[in-house]
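Here is how the chains run, residue by residue.
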Amino acid sequence: MKSLAELKAIREKMQNSVGMREDAEDNIRVVVGMATCGIAAGARPVLTAFTDEVAKRGLHNVTVTQTGCIGICQFEPVVEVYEPGKEKVTYVKMTAEKAVKVVNDHLVNGNPITAYTIGANS
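Residues numbered from 1 in each chain as written. Predicted model: local features only at pLDDT ≥ 70, side-chain atom pairs only at ≥ 80, totals over all residues. Heavy atoms only, no water.

Caption draft 1: Seen up close, the packing of helix H3 (residues 43-57) against helix H4 (residues 96-108). Interhelical geometry of H3 versus H4 gives an angle of 40 degrees and a closest axis separation of 8 Å. Of the possible angle classes, the one that applies to H3 and H4 is oblique. Helix-helix and strand crossings are classified by hand; for H3 and H4 the assignment is right-handed. Contact residues: Pro-45, Val-46, Ala-49, Phe-50, Glu-53, Val-54 and Arg-57 in H3; Ala-96, Ala-99, Val-100, Val-102, Val-103, Asn-104, Leu-107 and Val-108 in H4. Considered class by class, the residues forming the contact of H3 with H4 number 12 nonpolar, one polar and two charged. (Axes fitted to C-alpha atoms, helices over the stretch in contact; angles between N-to-C directions. Helix = DSSP H or I, 4+ residues; strand = E, 2+ residues; numbered from the N terminus. Parallel < 35°, antiparallel > 145°, perpendicular 65-115°, else oblique. Left-handed = near helix turned anticlockwise from the far one by under 90°. Contact = heavy atoms within 4.5 Å. Nonpolar A, V, L, I, M, F, W, Y, C, P; charged D, E, K, R; others polar.)

Set out below in structure tokens:
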């Protein structure tokens, strides 16, 4: 069991790293739609896959968050990727497997997967 001082040190370290990620100029935001329709369509495993893969790869400039309704229910689960200085990329009909591929191809290598985007699925 960890002591109170050890837990406090871990908490402070994590808060500092989260703050640095959110304030960084090169921060990439991955937003997963988690409204009722998104959850029903399978957004929870998608969110978990993004979070796990980003952590596994140690991507400190990527923040994975959730939001409510994005407004395109027929395309759920929906994920939006915001990169500084670039247009938003909206991925639709996502799965956990697709999320891992998006992390690899888009977030790590800078190549959005157009086959998963709203333009390719509308």
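Anyway, onward from the coordinates.
Caption draft 2: Structural view of the sheet that holds strand E1 (residues 28-33). The sheet built from four strands is open, its strands ordered E2-E1-E3-E4 with mixed pairing. Looking at which strands have only one partner, the edges of the open sheet turn out to be strand E2 (62-67) and strand E4 (89-91). Direction aside, the axes of adjacent strands within the sheet are offset by 20 degrees on average. Looking at chain direction, E1 and strand E3 (residues 79-82) are connected through four bridges and run antiparallel. Looking at E3, one finds that Val-32 is bridged to Val-79. Strands in contact with H3 are E1, E2 and E3; relative to E2, the strand with the most contacts, it is inclined by about 165 degrees. Seen against the sheet, H4 touches E1, E2, E3 and E4 and runs at an angle of roughly 170 degrees to E4. (Pairing = 2+ DSSP bridges.)

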